[in-house]
Amino acid sequence: SSGIQVKWGTVPNATGYRIYRKKAGETSWTRVKTVSSGKTASWTDTKAKNGAKYTYAIRSVYHKQVSP
């Protein structure tokens, strides 16, 4: 009821992270959050629907460059 907590390991020198999500059965990713601190390593997805299955991907950001 309070959401899904997503955690990841920090990347040295990262200035932030982009969090992507896709629902089970979907093929495309949607960016759901941009974290503007390289020291933050968690986020709670409060918009996740009860009973739905999701996959998350985290990409590190170094200034304006995004990891593959």
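Structure first, text after, so check above.
Overview of the structure. What you are looking at is a predicted structure, and each value in this text was computed from that prediction instead of being measured. (Residues numbered from 1 in each chain as written. Predicted model: local features only at pLDDT ≥ 70, side-chain atom pairs only at ≥ 80, totals over all residues. Heavy atoms only, no water.)

## So, the overall build of the chain
Part 1: Counting secondary structure elements, the chain contains 0 helices and 6 strands.
Part 2: Ordered by position in the sequence, the α and β elements of the chain form the string β-β-β-β-β-β.
Part 3: Each of the three principal axes of the chain carries a C-alpha extent, and together these read 35 × 25 × 15 Å.
Part 4: For the chain, buried positions account for 24% of its 68 residues.
Part 5: Restricting the contact set of the chain to residue pairs at least 6 apart, pairs at least 24 apart contribute 61%. (Helix = DSSP H or I, 4+ residues; strand = E, 2+ residues; numbered from the N terminus. Buried < 20%, exposed > 50% of the residue type's maximum accessible area, 1.4 Å probe, protein only. Contact = heavy atoms within 4.5 Å.)

## Some remarks on the pattern of salt bridges
Part 1: Scanning the model with the defined rule gives 1 salt bridge in all.
Part 2: A salt bridge links Arg21 to Asp45; the nearest nitrogen and oxygen atoms lie 2.6 Å apart. Within this pair, whereas Arg21 is found in strand E2 (residues 16-23), its partner Asp45 is found in strand E4 (residues 42-45), the two being separated by 24 residues in sequence.
Part 3: Note on Arg21: relative accessible area 19%, which makes it buried. (Salt bridge = Lys/Arg side-chain N within 4 Å of Asp/Glu carboxyl O.)

## Let's talk about the sheet that holds strand E5 (residues 54-62)
Part 1: Judged by pairing direction, the sheet is antiparallel, and its 4 strands sit side by side in the order E3-E2-E5-E6 without closing on themselves. Only two strands of the sheet have a single neighbouring strand rather than two, namely strand E3 (30-35) and strand E6 (65-66).
Part 2: Where E5 meets E6, 2 bridges bridge the pair, whose relative direction is antiparallel. Along E6, the bridge assignment pairs Tyr62 with Gln65. (Pairing = 2+ DSSP bridges.)

## Let's talk about the pairing of E2
Part 1: Where E2 and E5 come together, 8 bridges link them in antiparallel fashion. Bridge pairing in E5 links Arg18 to Arg59.

It is worth stressing that arrangement in space is one thing and function is another; only the former is reported here.
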